[in-house]
Structure formats: C-alpha cells, structure tokens
Amino acid sequence: MSKVCLVTGGSRGIGAACIKEFAKNGYNVVINYVNDDLSANLLKTEIENNYKVKALIIKADVANEIEVKNMVEKVINTFGSIDILVNNAGIAIDTTLEDKTKENFRKILDTNLIGTFLVSREVAKYMLNKKSGSIINVSSTNGIDTNYPESLDYDASKAGVISLTKNLAKAYHPYIRVNSVAPGWVMTDMNKELDKDFIKNEESKILLGRFADPSEIAKVIYFVGVEASYINGSIIRVDGGENV
Ligand code: NAP
C-alpha cells in the first residue's frame, strides 16, 4: 500500500513543490488549502497525470479546530493512514510597524503557529497509534535571525514554530520524529509584491546570490521527513548561505 503525505498549504509555492516531490517518490498526497480552488484542482490533475499515485484535495483552514479534525478524519477514511505531515501553511501580512493591528497579528499567529499545533495534534493521534510517523514544520530563518522589525509578527510566529517543533519532538518520541526546515528567501507568491531593487539587495547578502526555487526546499523536506532517520528535534536552515 502506498504511503500517505499530507501537506498543509499544499496548493502553491513550497507546499506544491512538496506535493510533487512526495508524489514523485510514490506517496499518495493530500493537498490542503484554504481559498484558491483553482490552484488546488490544477495541481491534483497534474499529479494524477504525471505520477501513479492518488491526490486528494481538502479545503480547510488550519487555524479552525473543527475543519482540522474533519480534514484529518477525511484523510484517514480515504487512505487509512498518514505517514508524513508537512506543516507548511503560512501567511505574512506586510505593513509598517505603526500600521500593525491586533487582528492581523492574531491571524498570523493563528495560521502559522496555532495551525501547526492543531494539525500536528490531530495527526499525531494516528501516528502514535501505529507507532510511526514524521512531521516537518516549515518555519523560516525569520524565526532565528532578526532583520526587519516590520515583520516582527511573522518572525514571532516562526520562532514559535521552532519552539513547538522541539517540544513536539520530546512529546512524541520515540515514535514520531518532529523537525523543522527553515528556509531563507524563496521565489513564491508570498514574495511577488517585493520590488526589484529590494530583491537585488537581498540577493547580494546570500552567498549563492539568488532566492531559492521551491523545489530546492521540497527536496530537503523530503530528505528530513523520510530519509534522515536519525534527525529529530532539529531545525535545518536552507538559505543559500545567509548570515554566515
Ligand atoms: P504561498 O506561495 O503564499 O502559499 C501559501 C499556501 O498556504 C497556499 O497553498 C495557501 O492556500 C495556504 N494557506 C494559507 N493560509 C492557510 C490556512 N489558514 N489554512 C490552510 N492553508 C492555508 O507561500 P510559500 O511562500 O510557499 O510559503 C509556504 C511556507 O513557507 C509558509 O509557512 C511560509 O511562511 C514559509 N516560508 C516562505 C518563505 C518564502 O520566501 N517564500 C521563506 C521562509 C519560509 P490558498 O492557495 O488557498 O491561499
């Protein structure tokens, strides 16, 4: 029976690259998303046309406890198991420091941090029951480094994801490995509003001189999630050499 990988925020960007990487390696995949039906449906078709695996799409807000429970139940009812969970769903809301609101700060924490916890908690019930599983939380170098105070809300959420990762690794050992991959800049929709000069300046600080392609992050997530059987409770930077 094929193994199963659930990727939250799996319809676009890094999540979609993870879906392709796991499908390429024979996993049945679950594409979770919250708004953009078209991207999710197109990706499902692409996966089923190119790989001999099944792709299930589930619209659910990771910050909504009931939707998360229903999503995990649906995966179990469809595939009977979840072997790998990639907690990738995440948002940033770009504003100046003065314009930040409590509502937006909460939304970021709810999605990036509490969403990661809610999905982990639900999926871990099944993984603990079968005494095996692997969870990879997508954090960010923003959770480690301090570069721009304008992203303090996002940075706090990602620092939280890093702490959550270590705590969950302790809570679920020895059956579930829990790790975090912390990307630097990646070329996705999240960065599509950045102006060209800003991008150039950021690239000049990266030893490899460019942003990552999402597939380069997905390969590391696959390695950490599946192959790296002795990596646990770790945070793996994938940033092309920034702040070295
Ligand atoms: P993206 O292209 O904006 O895609 C975000 C994905 O998350 C979409 O599939 C979106 O679904 C989904 N999503 C958003 N809110 C959700 C929610 N509440 N419930 C379920 N799904 C939700 O983002 P990305 O750049 O690939 O980023 C993916 C992850 O990597 C995020 O956690 C981000 O913080 C992290 N990261 C990104 C970078 C970077 O430079 N891009 C760097 C470091 C870390 P819809 O399509 O339905 O909106």
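Here is what the cut-offs are and how they apply
Residues numbered from 1 in each chain as written. Predicted model: local features only at pLDDT ≥ 70, side-chain atom pairs only at ≥ 80, totals over all residues. Heavy atoms only, no water. Axes fitted to C-alpha atoms, helices over the stretch in contact; angles between N-to-C directions. Helix = DSSP H or I, 4+ residues; strand = E, 2+ residues; numbered from the N terminus. Parallel < 35°, antiparallel > 145°, perpendicular 65-115°, else oblique. Left-handed = near helix turned anticlockwise from the far one by under 90°. Contact = heavy atoms within 4.5 Å. Salt bridge = Lys/Arg side-chain N within 4 Å of Asp/Glu carboxyl O. Buried < 20%, exposed > 50% of the residue type's maximum accessible area, 1.4 Å probe, protein only. 1 Å grid on protein atoms, 1.4 Å probe; cavity = no way out; pocket = protein on both sides within 12 Å on 5 of 7 lines; lining within 4 Å. Points joined across faces, edges and corners; volume = space filled by probe spheres on them. Phe/Tyr/Trp six-rings, centres within 6.5 Å; stacked < 30°, edge-to-face > 60°. Near = heavy atom within 4 Å. Polar contact = N/O pair within 3.5 Å; in protein donor to acceptor, adjacent residues only side chain to side chain. Areas by Shrake-Rupley, 256 points an atom, 1.4 Å probe, with all protein chains shown as cover. Nonpolar A, V, L, I, M, F, W, Y, C, P; charged D, E, K, R; others polar. Right-handed = clockwise from strand over helix to strand, strands pointing away. Pairing = 2+ DSSP bridges.

Enquirer: Sorry if this is basic, but what is going on with the packing of helix 1 (residues 13–24) against helix 7 (residues 214–227) here?
Expert: In helix packing, the relevant descriptors are the interaxial angle and the interaxial distance, both defined with respect to the helix axes. It is at 8 Å that the axes of helix 1 and helix 7 come closest, and there the two elements cross at 55 degrees. Classified by the angle between their axes, helix 1 and helix 7 sit oblique to one another. The handedness of the crossing between helix 1 and helix 7 is right-handed. Side by side, helix 1 and helix 7 meet where Gly 13, Ile 14, Ala 17, Cys 18, Glu 21 and Phe 22 of the first sit next to Pro 214, Ser 215, Ile 217, Ala 218, Lys 219, Ile 221, Tyr 222 and Val 226 of the second.

Enquirer: In this structure, what is going on with the pattern of salt bridges? I would like to understand it.
Expert: If the charged atoms of two oppositely charged side chains come close together, the side chains can form a pair. Scanning the model with the defined rule gives 15 salt bridges in all. Of the charged contacts in the structure, one is a salt bridge between Lys 20 and Glu 46, with a shortest N-O distance of 3.7 Å. Within this pair, whereas Lys 20 is found in helix 1, its partner Glu 46 is found in helix 2 (residues 37–50), the two being separated by 26 residues in sequence. The class of Lys 20 is partly exposed, set by a relative accessible area of 31%. Where Arg 121 meets Glu 65, a salt bridge forms, and the shortest distance between an N and an O atom there is 2.9 Å. Of the two residues, Arg 121 is situated in helix 4 (residues 102–129) and Glu 65 in helix 3 (residues 65–79); the sequence distance between them amounts to 56 residues. Residue Glu 65 is classed as partly exposed on the basis of its relative accessible area of 42%. Connected via shared salt-bridge partners are Glu 65, Arg 121, Glu 122 and Lys 125.

Enquirer: For this particular structure, what's the right way to read the layout of surface pockets?
Expert: Any empty space left between the atoms is revealed when a probe the size of a water molecule rolls over them. Within this model, the second largest pocket holds a volume of roughly 170 Å³. Lys 3, Tyr 27, Asp 83, Ile 84, Lys 130, Ser 132, Gly 133, Ser 134, Arg 177, Gly 225, Val 226 and Ser 229 are the residues that line the second largest pocket.

Enquirer: Would you take a moment to explain the packing of aromatic side chains for this structure?
Expert: The geometry of an aromatic ring pair is captured by two quantities: the separation of the ring centres and the angle between the planes. This model, assessed by the stated rule, comprises 6 aromatic pairs. Plain terms: the ring middles of Trp 185 and Phe 211 are 5.1 Å apart, the flat faces sit at 5 degrees to each other, and that makes the pair stacked. Taken as a pair, Trp 185 in the loop between strand 6 (176–183) and helix 6 (196–203) and Phe 211 in the loop between helix 6 and helix 7 lie far apart in primary sequence, 26 residues in all. Take Trp 185: its relative accessible area is 21%, and that puts it in the partly exposed class. A network of ring pairs unites the aromatic residues Tyr 148, Trp 185, Phe 198 and Phe 211 as a single cluster.

Enquirer: Got a minute to help me understand the site of the ligand in this structure?
Expert: What surrounds the ligand is a group of 31 residues, the closest being Ser 11, Arg 12, Asn 35, Tyr 154 and Thr 188. A distance of 3.4 Å is found between an oxygen atom of the ligand and a backbone nitrogen or oxygen belonging to Gly 9. Between an oxygen atom of the ligand and a side-chain N or O atom of Thr 188, the distance comes to 2.4 Å. Contact with the protein chains covers 94% of the free accessible surface of the ligand, which is 900 Å². Of all the elements in the fold, those that place two or more residues in the shell around the ligand are helix 1, strand 2 (28–33) and helix 5 (152–172). Here the residues of the shell around the ligand are counted per class, giving 13 nonpolar, 13 polar and 5 charged.

Enquirer: Just checking my understanding: could you explain the side chain of Thr 111 for this structure?
Expert: Structurally, Thr 111 is set in helix 4. With relative accessibility at 13%, the residue Thr 111 sits in the buried group.

Enquirer: What is the right way to look at the pairing of strand 2 in this model?
Expert: Regular strands place their side chains on alternate faces of the sheet. Among the 6 residues that make up strand 2, 6 are buried, leaving the element largely enclosed by the rest of the structure. Side chains Asn 28, Val 30 and Asn 32 project from strand 2 onto one buried face, and the interleaved Val 29, Ile 31 and Tyr 33 project onto a second face that is buried too. The handedness of the strand 1 (residues 4–7) to strand 2 crossover, carried by helix 1, is right-handed. Of the strand pairs in this sheet, strand 2 and strand 3 (residues 55–59) are connected by 5 bridges, and their pairing is parallel. Following the sheet pairing, Asn 32 is matched in strand 3 by Ile 58. Handedness of the strand 2-helix 2-strand 3 crossover: right-handed.

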